[in-house]
Amino acid sequence: MVKRYEKINPPHRILMGPGPSNVPAPVMAALGAPVVGHLDPAFLAVMEEVQEMLRAVMRTENMLTIPVSGTGSAAMEAALVNVLEPGDGALICVNGVFGERMCDIAGRCGAEVRRVDAPWGSPVDPGAVRKELDGFKAKVVAAVHAETSTGVLQPLEDLSKAAHERGALFLADAVTSLAGAPVEVDRWGIDVCYSGTQKCLSCPPGLAPITFGPRAMEVLTKRKTKVRSWYLDMTMILKYWGPDRAYHHTAPISMIYALREALRVVLEEGLEKRWERHLRVHEFLVRGLGKLGLSMLVEKPYRAPMINTVVIPEGVNDLDVRRRLLGEYSLEIGGGLGVLKGKVWRIGIMGDSCTEENVGILLGALRKLL
Ligand SMILES: *Cc1c(COP(=O)(O)O)cnc(C)c1O
């Protein structure tokens, strides 16, 4: 017997986890647009627009501003592998899963890794970073802006200053924060910044915006060794995204269409308006959770609006609640990771998922289930 497969038919979900977020109709429609060649003039025009709009959304003039072919982790790897050579010092701020991941990647690049830790749920102290830099020659200082595993929004400007005082590059992970809270690449002096498509940009997962500033470009051009990843070598990828238009790898055409539309939707709403919406809906959510007697993991000044960690009350079954939310309400929220497993829920209000209506549905459901 030959197995027969039905046509694919995934359910409609309200996505309020740590990503992906719900994708708006114009972005879904762009995925169905005709595929053309990666050197077709029509596609080159789309690439230009994507770069222009990415610069606007990332608030940068950086020439090297492109989407990496891969998810956020690919951009994290691209950021580190292009900057680091074996033996270089890397100082990584760690207060959750994604800081840990940076340490892992930097180690694989052959770097000497030092870390400055903060408890999960708290920001990293720039004073501790300065102190560590006193006795350590770092080529790069790296931090996560919105730590999706804990819900902390790390202030970046002081860390950036600390890095530059010691002649190090400053690298920031804005995977979850970009387009949901201010990310000012040029104004904050971020030398390398990357994101992902499936969080506040509300595009399916599969691409990861990245930008390299002038100091990072200089580091790139002065490398003594080849970048240890062929696929993520920016000096080669730049030949395709730059004026040469030389083939490196086939661009994921349909995903780049989708990102182009997602960026258009973001700019049509207005970046500032979008930040305000995330903050407003976040406040609405926190008030509602408070009325249900639930408390937040993170202190108020450090809460990332788009990813909210809520303490699971004593006696409540984490998995059971999440299973019922999905089964009865078709609504997804995230569980805790690492040391927070079973201790918190992670409620994402990212991009298109970030509405008072969705929060109302979630609060109503929690009221019944708890
Ligand atoms: C989601 C996320 C990543 C990784 O992105 P993937 O798309 O899952 O590879 C990296 N950093 C942060 C802060 C994230 O939230």
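Residues numbered from 1 in each chain as written. Predicted model: local features only at pLDDT ≥ 70, side-chain atom pairs only at ≥ 80, totals over all residues. Heavy atoms only, no water.

Novice: So what exactly am I meant to see when it comes to the overall build of the protein chain here?
Specialist: The number of helices and strands found in the protein chain is 12 helices and 13 strands. In summary, the protein chain has a C-alpha radius of gyration of 21 Å against a globular reference of 21 Å for 370 residues, a match within 12%. The principal-axis extents of the C-alpha atoms in the protein chain amount to approximately 60 × 55 × 50 Å. Considering only contacts in the protein chain between residues 6 or more positions apart, those separated by 24 or more positions represent 73%. Total accessible area on the protein chain is roughly 16200 Å²; 55% of this is exposed by carbon and sulfur atoms. Charged side chains of the protein chain number 44 positive and 42 negative; the gap between the two group centres comes to 4 Å. (Helix = DSSP H or I, 4+ residues; strand = E, 2+ residues; numbered from the N terminus. Rg over C-alpha atoms; globule rule 2.2 N^0.38 Å. Contact = heavy atoms within 4.5 Å. Areas by Shrake-Rupley, 256 points an atom, 1.4 Å probe, with all protein chains shown as cover. Lys, Arg positive; Asp, Glu negative; His and termini not counted. Charge placed at Lys NZ, Arg CZ, Asp CG, Glu CD.)

Novice: Just checking my understanding: could you explain the packing of aromatic side chains for this structure?
Specialist: Each aromatic ring pair is described using two quantities: the centre-to-centre distance and the angle formed by the ring planes. Under the counting rule described, the total for this entry stands at two aromatic pairs. Taking 6.2 Å as the distance between ring centres and 65° as the angle between the ring planes, the aromatic pair formed by Phe 43 and Tyr 257 counts as edge-to-face. Taken as a pair, Phe 43 in helix H2 (residues 41-58) and Tyr 257 in helix H9 (residues 253-269) lie far apart in primary sequence, 214 residues in all. Taken as a pair, Phe 43 and Tyr 257 share a single burial class, namely buried. The interplanar angle of 75° and the centroid separation of 6.0 Å between the aromatic rings of Tyr 240 and Trp 241 together place this pair among those described as edge-to-face. (Phe/Tyr/Trp six-rings, centres within 6.5 Å; stacked < 30°, edge-to-face > 60°. Buried < 20%, exposed > 50% of the residue type's maximum accessible area, 1.4 Å probe, protein only.)

Novice: What should I look at first to understand the sheet that holds strand E3 (residues 89-94) in this one?
Specialist: Hydrogen bonds between backbone groups are what pair the strands of a sheet, and the pairing can be parallel or antiparallel. Taken in spatial order, the seven strands line up as E2-E10-E9-E8-E5-E3-E4 in an open sheet, and their pairing is mixed. A strand with exactly one partner marks an edge of an open sheet, and here the two such strands are strand E2 (64-69) and strand E4 (112-117). Shown here is a sheet whose adjacent strand axes are inclined to one another by a mean of 20°, direction ignored. Contacting E2, strand E5 (140-144), strand E8 (169-173), strand E9 (192-194) and strand E10 (207-212), helix H3 (residues 72-83) crosses the sheet at an angle of about 30° to E10. (Pairing = 2+ DSSP bridges. Axes fitted to C-alpha atoms, helices over the stretch in contact; angles between N-to-C directions.)

Novice: Honestly, the site of the ligand in this entry has me stumped. Any pointers?
Specialist: In the region of the ligand, 14 residues are neighbours, and Thr 71, Ser 73, Thr 148, Gln 198 and Lys 199 sit closest. Measuring from an oxygen atom of the ligand, one finds a side-chain N or O atom of Thr 71 at 2.6 Å. One of the side-chain N or O atoms of Thr 148 is found 2.3 Å from an oxygen atom in the ligand. Contact with the protein chains covers 90% of the free accessible surface of the ligand, which is 380 Å². (Near = heavy atom within 4 Å. Polar contact = N/O pair within 3.5 Å; in protein donor to acceptor, adjacent residues only side chain to side chain.)

Novice: I keep staring at the nonpolar core and nothing clicks. Help me out?
Specialist: A general feature of soluble globular proteins is that nonpolar side chains tend to end up buried together. In this structure, Ile 210, Phe 212 and Met 234 are the most contacted members of the largest nonpolar core, which totals 103 residues. Counting contributing residues per domain, this core is built from domain 1 (14-19 + 271-369) and domain 2 (25-267), each supplying no fewer than three. For Met 234, the contacting residues outside a window of four places in its chain are Leu 64, Ile 66, Val 68, Ala 78, Asn 82, Ile 210, Phe 212 and Leu 220. Of all hydrophobic cores here, the second largest spans 24 residues; its members include Val 310, Leu 325, Ile 347 and Leu 366. (Core = buried A, V, L, I, M, F, W, Y, C linked by side-chain atoms within 4.5 Å. Domains from an automatic or database assignment.)

Novice: I would appreciate a short explanation of the domain arrangement of the protein chain in the present structure.
Specialist: Reports of interface size often rely on the accessible area that becomes lost once the parts have come together. The domain architecture assigned to the protein chain consists of domain 1 (14-19 + 271-369) and domain 2 (25-267). Its C-alpha centre places domain 1 at a distance of 26 Å from the equivalent point of domain 2. Taken together, the 24 residues of domain 1 in the interface contact 29 residues of domain 2. Here domain 1 packs against domain 2, burying approximately 2200 Å² in sum over the two surfaces, 67% of which is carbon and sulfur. (Buried area = accessible area lost by both parts, 1.4 Å probe.)

Novice: Just checking my understanding: could you explain the sheet that holds strand E11 (residues 307-311) for this structure?
Specialist: Strands sit in the order E1-E12-E13-E11 across an open sheet of four strands; the sheet is mixed. Across the chains shown, the open sheet's two edge strands, defined by having one partner strand only, are strand E1 (14-16) and E11. Shown here is a sheet whose adjacent strand axes are inclined to one another by a mean of 30°, direction ignored. Sheet topology note: the E11/strand E13 (residues 344-348) ladder contains five bridges and is antiparallel. Looking at the pairing, Thr 309 lines up with Arg 346 of E13. Along the sheet, helix H11 (residues 318-329) contacts E1, strand E12 (331-335) and E13; its crossing angle with E12, the most-contacted strand, is approximately 160°. Packed on one face of the sheet, helix H12 (residues 356-369) meets E1, E12 and E13 and runs near 85° to E1.

Novice: Help me understand the environment of Leu 370, please; the structure alone is not making it clear to me.
Specialist: With respect to the element layout, Leu 370 can be found in the segment after H12. Judged by relative accessible area, Leu 370 falls into the partly exposed class, the value being 41%. Between the alpha carbons of Leu 370 and Arg 274 there is a distance of 32 Å; along the sequence they are 96 residues apart. Dropping the residues within four chain positions of it, Leu 370 is found in contact with Leu 294, Val 316, Val 321 and Trp 345.

Novice: What should I look at first to understand the state of the cysteines in this one?
Specialist: By definition, a disulfide is the covalent link that joins the sulfur atoms of two cysteine residues. For the coordinates displayed, the defined rule picks out zero disulfides. Sulfur of Cys 93: no disulfide; nearest cysteine sulfur belongs to Cys 103 and is 9.3 Å away. Exposure remark for Cys 93: the relative accessible area of 3% places this residue in the buried category. Unpaired in this structure, Cys 354 has its nearest cysteine sulfur neighbour in Cys 200, at a distance of 7.5 Å. (Disulfide = S-S within 2.5 Å.)

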